[in-house]
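Chains, contacts and geometry: an overview
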Amino acid sequence: MFLDILEKSKSEKKLVELNCYGVAEGFYCGYVLEYTEGFVIVQHFTKFGIYDGILMISLADIKFIESDTAYLKGIELLINNQSIFLNQTFKLKGKNGGTFTQLFESFIGNKDYLIKFELSDEDLYFGFIAWCDDDYFSITNIDSDGSVMGKATFKFEDLKMYAVDDLECRKRKMLYDTFMDRG
């Protein structure tokens, strides 16, 4: 069965997820370049759809293979649209861009830029700012596949940092836009 999946990946340049024994987190993502009954050679891609080298993996080390997942469809979209999402587009206006609060408030209701929020406990959230007052802010929370996870409200005092238009934000925004177009 593994060999059938590997052949399809090779002949159609179809992305697969290779989940291996001993890999604590995640899996390898790519398409098969060559394979035998003992090894597979894969063109590997990062989570941003960027070429990331050639992997040679023993078939005995592969726990299971996945194909046609939402994640792989997202990676394929990123591979095919790198020129669009790899370039940062946000620029500060004016000499200093305003204060922390002015810049933050300028994104309320703005769906052009997804924002990354790091809280004091080092948890990360990504989303669009829905509203804020003097003490709290609320976001539409977006997951790594671009899907809306719901709303989340935080205390400003717990906000350690926020980032506008970083690579992960642009990736999730592209996936969100594609997901919303399908939806």
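This section reports on the structure supplied with the text. Remember, predicted model here, so these are calculated numbers, not experimental data.

Here we take up empty space enclosed by the protein. In this structure the tally under the stated criterion is one cavity of 30 Å³ or more. If you add up the space inside the largest cavity, you get close to 30 Å³. If you list the elements that add at least two residues to the lining of the largest cavity, you get helix 2 (70-80) and helix 5 (167-182). The element that contributes the greatest number of residues to the lining of the largest cavity is helix 2, accounting for four residues. Across the lining of the largest cavity, the residue classes tally to four nonpolar, two polar and two charged.

Attention shifts here to the environment of Glu 168. Turning to its location among the elements, Glu 168 is positioned in helix 5. Given a relative accessible area of 9%, Glu 168 falls into the buried group. Spatially, the C-alpha atoms of Glu 168 and Ile 115 are 9.5 Å apart, while their sequence positions differ by 53 residues. Among residues more than four places away in sequence, those in contact with Glu 168 are Lys 47, Phe 48 and Phe 126.

Here we come to the sheet that holds strand 10 (residues 159-164). Overall, antiparallel pairing links the five strands, which are arranged 9-8-7-6-10 in an open sheet. The outermost strands of the open sheet, each flanked by one partner alone, are strand 9 (148-155) and strand 10. Looking at each pair of strands side by side, their axes are set apart by 40 degrees on average, direction ignored. Inspection of the sheet shows strand 6 (residues 115-119) paired to strand 7 (residues 124-132) by four bridges, in the antiparallel sense. The residue of strand 7 that forms the bridge with Lys 116 is Phe 126.

For the rest of this paragraph, the subject is a negative patch on the surface. Residues Glu 105, Asp 133, Asp 134, Asp 135 and Glu 157 make up a contiguous surface patch of negative charge. Note that Asp 133 resides in the loop between strand 7 and strand 8 (136-142).

Scoring rules and cut-offs
- Residues numbered from 1 in each chain as written.
- Predicted model: local features only at pLDDT ≥ 70, side-chain atom pairs only at ≥ 80, totals over all residues.
- Heavy atoms only, no water.
- 1 Å grid on protein atoms, 1.4 Å probe; cavity = no way out; pocket = protein on both sides within 12 Å on 5 of 7 lines; lining within 4 Å.
- Points joined across faces, edges and corners; volume = space filled by probe spheres on them.
- Helix = DSSP H or I, 4+ residues; strand = E, 2+ residues; numbered from the N terminus.
- Nonpolar A, V, L, I, M, F, W, Y, C, P; charged D, E, K, R; others polar.
- Buried < 20%, exposed > 50% of the residue type's maximum accessible area, 1.4 Å probe, protein only.
- Contact = heavy atoms within 4.5 Å.
- Pairing = 2+ DSSP bridges.
- Axes fitted to C-alpha atoms, helices over the stretch in contact; angles between N-to-C directions.
- Patch = residues over 30% accessible without salt bridge, like charges linked within 9 Å, V, L, I, M, F, W, Y side chains within 5 Å.
- Areas by Shrake-Rupley, 256 points an atom, 1.4 Å probe, with all protein chains shown as cover.
- Salt bridge = Lys/Arg side-chain N within 4 Å of Asp/Glu carboxyl O.
- Lys, Arg positive; Asp, Glu negative; His and termini not counted.
- Charge placed at Lys NZ, Arg CZ, Asp CG, Glu CD.

Any functional reading would require information that these geometric values do not contain.
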